[in-house]
Amino acid sequence: MTSVDEFFFLGFPGLGRLRFLLFILILTTYTVTVLLDTMVIILVSTRESLHSPMYSFLRNFLFSEMCFVTVIVPNMLRIIWMDGATISVIGCITQNYFYACSGTSECYLLTAMSCDRYLAICKPLHYNTIMSHNLQYFLVIFCWAFGFLLAFIPVCLLVMLKFCGLNVIDHYFCDLAPFVNIACSDTSALQFYTFLLINVMVTIPFVLIIISYMCICVVILRMPSIGSRKKAFSTCSTHLLVVGIFYGAVFINYFTPMKGHSIAINKMLSVVFNVITPLFNPIIYSLRSQDMHAVIFSSLQGWT
């Protein structure tokens with residue numbers, strides 16, 4: 001039983017010359033995502049009209065998404081270009097750790113944004129008092145710190161695993177499932193903690209978001225005029241759309257049974273979640289937010 005010190009990722013075998021088209025599409029998507037995220041972050045940071053708690057959370061959310069795609073896509077492009085490539089065991093565990101960190105931080109930042117919308121609509125008179133700068137800083141620090149700490153537990157278990165014999169993985173990044181499938185030591189503890197952590201990382205934030213929006217819907221429906229209902233709903237519709245896309249992709253990718261699907265379909269679903277979905281969020285906030293509309297329009301006028 002030879003000890004394994006590196007893995008060979010197949011990527012997308014069988015595409016032939018089409019893999020170069022896939023390379024260009026993913027590179028273009030990644031580049032546009034990073035540019036749009038950077039543009040929104042700069043606008044939110046430099047324009048006083050966007051110095052509100054909601055946009056402060058948005059800035060951190062988009063930065064976490066940039067980290068999320070950057071952890072995956074550059075090495076993914078290398079694997080596609082070379083039609084398969086190797087990565088060390090330590091490098092693979094490191095990629096898995098930062099993937100989990102950024103993903104967890106995204107989930108909790110979305111939860112913080114939903115709490116902000118709840119306070120803005122359900123407690124408007126007390127909003128400025130409750131959502132103080134100290135609370136904003138605390139929520140942002142908590143989201144990032146909790147993501148880094150929570151993802152550290154499975155990493156400790158991954159480091160203790162032994163890999164021997166087969167080192168070929170039919171995937172394009174270091175997801176947790178390949179480790180479990182090719183490890184030659186007991187993975188029961190890792191699988192148990194992974195189940196618990198997925199619920200803490202994904203399910204709990206999702207439930208909190210649902211509760212927040214149930215309360216928001218109750219308050220909106222009790223408003224006397226249609227105009228006030230539309231105005232209240234417009235303040236949270238953008239965030240609600242982002243939550244729907246994000247968690248829809250999460251549940252399809254990680255919570256649907258994969259046994260009936262081919263490996264190719266599973267990988268394409270993963271590509272949608274890891275590459276395509278992050279592109280939508282800066283576009284949605286740029287197109288649907290009136291504040292962002294005004295800032296972008298004034299910036300374009302200033303440049304011209």
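First things first, this report covers the structure right here in the doc. (Residues numbered from 1 in each chain as written. Predicted model: local features only at pLDDT ≥ 70, side-chain atom pairs only at ≥ 80, totals over all residues. Heavy atoms only, no water.)

1. Points about the packing of aromatic side chains
Consideration 1: Evaluation of the coordinates by the stated rule reveals 24 aromatic pairs.
Consideration 2: Plain terms: the ring middles of tyrosine 172 and phenylalanine 173 are 5.2 Å apart, the flat faces sit at 45° to each other, and that makes the pair tilted.
Consideration 3: Following the ring pairs from residue to residue traces out a cluster consisting of Phe12, Phe68, Tyr99, Tyr172, Phe173, Phe206, Phe246, Tyr247, Phe251 and Phe273.
Consideration 4: Sitting above the plane of the phenylalanine 12 ring, lysine 267 keeps its charged end 5.4 Å from the centroid. (Phe/Tyr/Trp six-rings, centres within 6.5 Å; stacked < 30°, edge-to-face > 60°. Lys NZ or Arg CZ within 6 Å of the ring centre and 35° of its normal.)

2. Section: the packing of helix H5 (residues 133-150) against helix H6 (residues 152-160)
Consideration 1: The N-to-C vectors of H5 and H6 enclose an angle of 20°; their axes lie 5 Å apart at closest approach. The angle between the axes of H5 and H6 places the two elements in the roughly parallel class. In this structure, H5 contributes Phe148, Leu149 and Leu150 to the contact, and H6 contributes Phe152, Ile153 and Pro154. (Axes fitted to C-alpha atoms, helices over the stretch in contact; angles between N-to-C directions. Helix = DSSP H or I, 4+ residues; strand = E, 2+ residues; numbered from the N terminus. Parallel < 35°, antiparallel > 145°, perpendicular 65-115°, else oblique. Contact = heavy atoms within 4.5 Å.)

3. With respect to the packing of helix H3 (residues 89-122) against H6
Consideration 1: Remark: H3 packs on H6, axes separated minimally by 9 Å, with the N-to-C direction vectors making an angle of 165°. When the interaxial angle is binned, H3 and H6 end up roughly antiparallel. Between H3 and H6 the crossing geometry is right-handed. Along its contact with H3, which presents Ile93, Asn96 and Tyr97, the element H6 presents Phe152, Val155, Leu158 and Val159.
Consideration 2: When grouped by side-chain class, the residues that make up the contact of H3 with H6 number six nonpolar, one polar and no charged. (Left-handed = near helix turned anticlockwise from the far one by under 90°. Nonpolar A, V, L, I, M, F, W, Y, C, P; charged D, E, K, R; others polar.)

4. Examining the state of the cysteines
Consideration 1: Counted under the stated rule, the structure contains one disulfide.
Consideration 2: Here cysteine 92 connects covalently by a disulfide to cysteine 174, the sulfurs 1.9 Å from one another. Judged by the sign of its S-S torsion, about -115°, the cystine formed by cysteine 92 and cysteine 174 is left-handed. Of this pair, cysteine 92 sits in helix H3 while cysteine 174 is found in the loop between strand S3 (168-169) and helix H7 (176-182), placing the two residues 82 residues apart along the sequence.
Consideration 3: Here cysteine 122 is not cross-linked by a disulfide; its sulfur's nearest cysteine counterpart is in cysteine 215, at 6.1 Å.
Consideration 4: Overall, the relative accessible area of 17% leaves cysteine 122 in the buried class.
Consideration 5: We note that cysteine 236 lacks a disulfide partner, and the nearest cysteine sulfur, in cysteine 217, lies 7.2 Å from it. (Disulfide = S-S within 2.5 Å. Buried < 20%, exposed > 50% of the residue type's maximum accessible area, 1.4 Å probe, protein only.)

5. Comments concerning the environment of tyrosine 285
Consideration 1: Examined against the element boundaries, tyrosine 285 turns out to sit in helix H10 (residues 263-288).
Consideration 2: C-alpha of tyrosine 285 to C-alpha of phenylalanine 57: the two residues are 228 residues apart in sequence and 13 Å apart in space.

6. Points about the nonpolar core
Consideration 1: Membership of the largest hydrophobic core comes to 90 residues, with the highest contact counts inside it found for Phe7, Met76, Leu110, Phe163 and Phe179.
Consideration 2: Broken down by element, this core gets its largest block of residues, 16 residues, from H3. (Core = buried A, V, L, I, M, F, W, Y, C linked by side-chain atoms within 4.5 Å.)

7. Points about the pairing of strand S1 (residues 6-9)
Successive residues of a regular strand alternate their side chains across the two faces of the sheet.
Consideration 1: Side chains Phe7 and Phe9 of S1 all project onto a buried face; the interleaved residues Glu6 and Phe8 project onto a face where none is buried.
Consideration 2: Looking at chain direction, S1 and strand S2 (residues 85-88) are connected through four bridges and run antiparallel. Paired with glutamate 6 across the strands is serine 88, a residue of S2.
Consideration 3: Note: S1 against S3, two bridges, orientation parallel. When the sheet's bridge partners are listed, phenylalanine 9 is paired in S3 with isoleucine 169. (Pairing = 2+ DSSP bridges.)

8. Details of the pattern of salt bridges
Consideration 1: One pass over the structure, following the stated rule, counts two salt bridges.
Consideration 2: Across the salt bridge formed by arginine 117 and aspartate 116, the nearest N and O atoms sit 2.7 Å from each other. Here arginine 117 and aspartate 116 have matching classes, each one buried. (Salt bridge = Lys/Arg side-chain N within 4 Å of Asp/Glu carboxyl O.)

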